[in-house]
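# Understanding the architecture of this molecule
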Amino acid sequence: MIFTGLLSLLSAASNAAGTWSDSQQGVTLPNRGVMRSAPALNPPAGAPVRQTPSATIDSVSWNYRLYGPQPAGLQVKLCNTNNRCAALDGASGQTRAFYGQSAQSAFQMVFFVEGKGRLNPPLRIVSQQVIVNYR
């Protein structure tokens, strides 16, 4: 009985989980056919994940807000510093595309509108956010 309880505690400790989040302002795209990267989203300076090099990502949630309507042909990717990117299928959601990668990685949203010529009005990304769940 005591042995089983100890095993349960050890198992729970090895599966310890955490979360970090960051939000930043977005970018403005004045033209179609031009890719723009938004400011990097990083684990906060005092986040426990920064002291845990072995922490790996379980899932990532994202959110971005546009000022005005979404233009036809908008494509958004979420990329990390390990050169992995995931296409985002909406302004908010969750992905496991980064599962098993370092939870200390920074993320960056990349915005692109298909076509050529000026966007009228320009596409303004007001804000962006990621929430990283890790083990």
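Residues numbered from 1 in each chain as written. Predicted model: local features only at pLDDT ≥ 70, side-chain atom pairs only at ≥ 80, totals over all residues. Heavy atoms only, no water.

### Let's talk about the overall build of the protein
Selection criterion: Strands are runs of DSSP state E lasting at least 2 residues, helices are runs of H or I lasting at least 4, and numbering of each runs from the N terminus. Burial here depends on accessible area, computed with a 1.4 Å probe over protein chains only, as a share of the maximum for the residue type. Under 20% is buried, over 50% is exposed, and the range in between is partly exposed. Residues count as neighbours in contact if any of their non-hydrogen atoms are within 4.5 Å of one another.
For the protein, the count of helices and strands is one helix and nine strands. Counting all 135 residues of the protein, 33% fall into the buried class. Taking the intrachain contacts of the protein between residues at least 6 apart in sequence as the baseline, contacts between residues at least 24 apart amount to 78%.

### Some remarks on the state of the cysteines
What counts is decided by this rule: A pair of sulfur atoms, both from cysteines and within 2.5 Å, is called a disulfide here.
The full count for this structure, using the stated rule, is one disulfide. Across a sulfur-sulfur distance of 2.0 Å, Cys79 and Cys85 are joined as a disulfide pair. Across the S-S bond linking Cys79 and Cys85, the dihedral sits near 110°, which makes this disulfide right-handed. Residue Cys79 is classed as buried on the basis of its relative accessible area of 11%. According to the relative accessible area criterion, Cys85 is partly exposed, its value standing at 39%.

### Details of the sheet that holds strand β3 (residues 36-37)
In a beta sheet, neighbouring strands pair by backbone hydrogen bonds and run either parallel or antiparallel. To keep things clear, this is the line we draw: Between any two strands, at least two bridges found by DSSP are needed for them to pair.
Strands sit in the order β3-β8-β5-β6 across an open sheet of four strands; the sheet is antiparallel. The sheet is open, and its two borders are formed by β3 and β6 (85-88), each paired with just one other strand.

### Concerning the pattern of salt bridges
Condition: For this document, the term salt bridge refers to a Lys or Arg side-chain nitrogen within 4 Å of an Asp or Glu carboxyl oxygen.
Scanning the model with the defined rule gives two salt bridges in all. Close ionic contact of Asp58 with Arg96 constitutes a salt bridge, the shortest N to O distance being 3.0 Å. Of this pair, Asp58 sits in strand β4 (residues 57-67) while Arg96 sits in the loop between β7 (92-95) and β8 (107-113), and the two are 38 residues apart along the sequence. Measuring nitrogen to oxygen at the nearest pair gives 3.7 Å for the salt bridge that ties Asp58 to Arg135. Separated by 77 residues along the polypeptide, Asp58 in strand β4 and Arg135 in the segment after β9 (118-134) bring together distant segments of the chain. In this structure Arg135 comes out as partly exposed when scored by relative accessible area, which is 43%. Salt bridges linked by common partners bring Asp58, Arg96 and Arg135 together as one network.

### Quick notes on the packing of aromatic side chains
Filter applied, for reference: Two aromatic rings, drawn from Phe, Tyr or Trp (for Trp, its six-membered ring), form a pair once their centres lie within 6.5 Å of each other, and the interplanar angle then sorts them: stacked below 30 degrees, edge-to-face above 60, tilted otherwise. The rule is short: NZ of Lys or CZ of Arg within 6 Å of the ring centre and within 35 degrees of the ring normal puts a charge over the ring.
One pass over the structure, following the stated rule, counts three aromatic pairs. Seen from their ring centres, Trp20 and Phe107 are 6.4 Å apart, and the 40° between their planes marks the pair as tilted. Within this pair, whereas Trp20 is found in strand β1 (residues 18-25), its partner Phe107 is found in strand β8, the two being separated by 87 residues in sequence. Phe107 gets classed as buried once you look at its relative accessible area, which sits at 2%. Measuring from centroid to centroid gives 5.5 Å for Tyr64 and Phe111, while their planes differ by 90°, and the two rings are edge-to-face. One end of the pair, Tyr64, is in strand β4; the other, Phe111, is in strand β8, with 47 residues separating them in the sequence. Summarising the burial analysis for this pair, Tyr64 and Phe111 share the class buried. Pairwise contacts between aromatic rings join Trp20, Phe98 and Phe107 into one cluster. Directly above the aromatic system of Tyr67 lies the positively charged group of Arg124, at a separation of 4.6 Å from the ring centroid.

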